[in-house]
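# Descriptive structure summary
If you want the building blocks of each chain, they are given just below.
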Amino acid sequence: QKEVEQDPGPLSVPEGAIVSLNCTYSNSAFQYFMWYRQYSRKGPELLMYTYSSGNKEDGRFTAQVDKSSKYISLFIRDSQPSDSATYLCALLSGYSTLTFGKGTMLLVSP
Amino acid sequence: SAVISQKPSRDICQRGTSLTIQCQVDSQVTMMFWYRQQPGQSLTLIATANQGSEATYESGFVIDKFPISRPNLTFSTLTVSNMSPEDSSIYLCSASPTAIFSYEQYFGPGTRLTVT
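The sections below set out a description of the structure shown in this document. Predicted model, so just to flag it, every value in this text is computed and none were measured.

## Overview of the packing of aromatic side chains
What the rule picks out here adds up to ten aromatic pairs over all chains. When the ring of Tyr35 of chain B is compared with that of Phe107 of chain B, the centres are 5.4 Å apart and the planes differ by 50°; the resulting orientation is tilted. Of the two residues, Tyr35 of chain B is situated in strand S4 (residues 31–37) and Phe107 of chain B in strand S10 (residues 106–107); the sequence distance between them amounts to 72 residues. Here Phe61 of chain B and Phe66 of chain B contribute two aromatic rings whose centre-to-centre distance is 5.6 Å and whose plane-to-plane angle is 65°, an arrangement assigned as edge-to-face. Accessibility expressed as a relative area gives 4% for Phe66 of chain B, which makes it buried. Members of the aromatic cluster, each reached through a chain of ring pairs, are Tyr36 and Phe100 of chain A together with Tyr35 and Phe107 of chain B. Sitting over the face of the ring of Tyr49 of chain A, Lys56 of chain A holds its NZ or CZ atom 4.2 Å from the ring centroid.

Dropping the structure here:
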């Protein structure tokens, strides 16, 4: 079993839809949970991070962590075509080493 | 945040040759990292570039194949040596301003390498 599982998609939604992106993980030592967004031919950019179970909201984005189920989610409300990108979950268990999911490609059509 | 640039942005190289990728950060950072991103695969950490000492390599990556330099707090290079087509990938540099927790990492745009 891989440490982090993420459906590669693509996930296609119409503009305005609520998007749910998910990752599961197997190592209970992970302490920090991040979501990165990567546009085509660009480097990943940090969207959100959290370290506790529950929800963290930032504008249209909500990160959710359920440590008991080893499940993390990113919700995007009122999705826009500019949200079309690959979304990577990343988990941290110690100093300096991030473990990434493979990324989910999201396509938001106008 | 930190702004990171990489050179070259892309290159096509012959097998058996070497390529050095440069990474420049617009501010002093504590940690710098090199990743590889292959199609359909996760971002994979190659090594942590340590200022003033040898890089720390992850399992499966060795210094002879991927020598790294970090002469100061804003610059690092990664060399891909004796290249083969399997080295075709995107190579990404990242930096973190903190030494303790590196959830806050900033990435460069990547170098797209094709080996023929």
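Don't stop here, the text continues.
## What to know about the interface of chain A and chain B
Listed as interface residues are 19 residues of chain A and, on the opposing side, 22 residues of chain B. The contact between chain A and chain B buries some 1800 Å² in all, and 55% of this surface belongs to carbon and sulfur atoms. Between the two partners, chain A and chain B, sit zero salt bridges. The interface formed by chain A and chain B holds two residue pairs in polar contact (both at pLDDT 80 or more) in total. Of all elements in the fold, only strand S4 (32–38), strand S5 (45–50), strand S9 (85–92) and strand S10 (98–100) of chain A reach the threshold of two or more residues within the side of chain A that touches chain B. If you tally residues by element for the side of chain A that touches chain B, the top one is S4 of chain A, at four residues.

Rules of the game
- Residues numbered from 1 in each chain as written.
- Chains lettered and ligands numbered in written order.
- Predicted model: local features only at pLDDT ≥ 70, side-chain atom pairs only at ≥ 80, totals over all residues.
- Heavy atoms only, no water.
- Phe/Tyr/Trp six-rings, centres within 6.5 Å; stacked < 30°, edge-to-face > 60°.
- Helix = DSSP H or I, 4+ residues; strand = E, 2+ residues; numbered from the N terminus.
- Buried < 20%, exposed > 50% of the residue type's maximum accessible area, 1.4 Å probe, protein only.
- Lys NZ or Arg CZ within 6 Å of the ring centre and 35° of its normal.
- Contact = heavy atoms within 4.5 Å.
- Buried area = accessible area lost by both parts, 1.4 Å probe.
- Salt bridge = Lys/Arg side-chain N within 4 Å of Asp/Glu carboxyl O.
- Polar contact = N/O pair within 3.5 Å; in protein donor to acceptor, adjacent residues only side chain to side chain.

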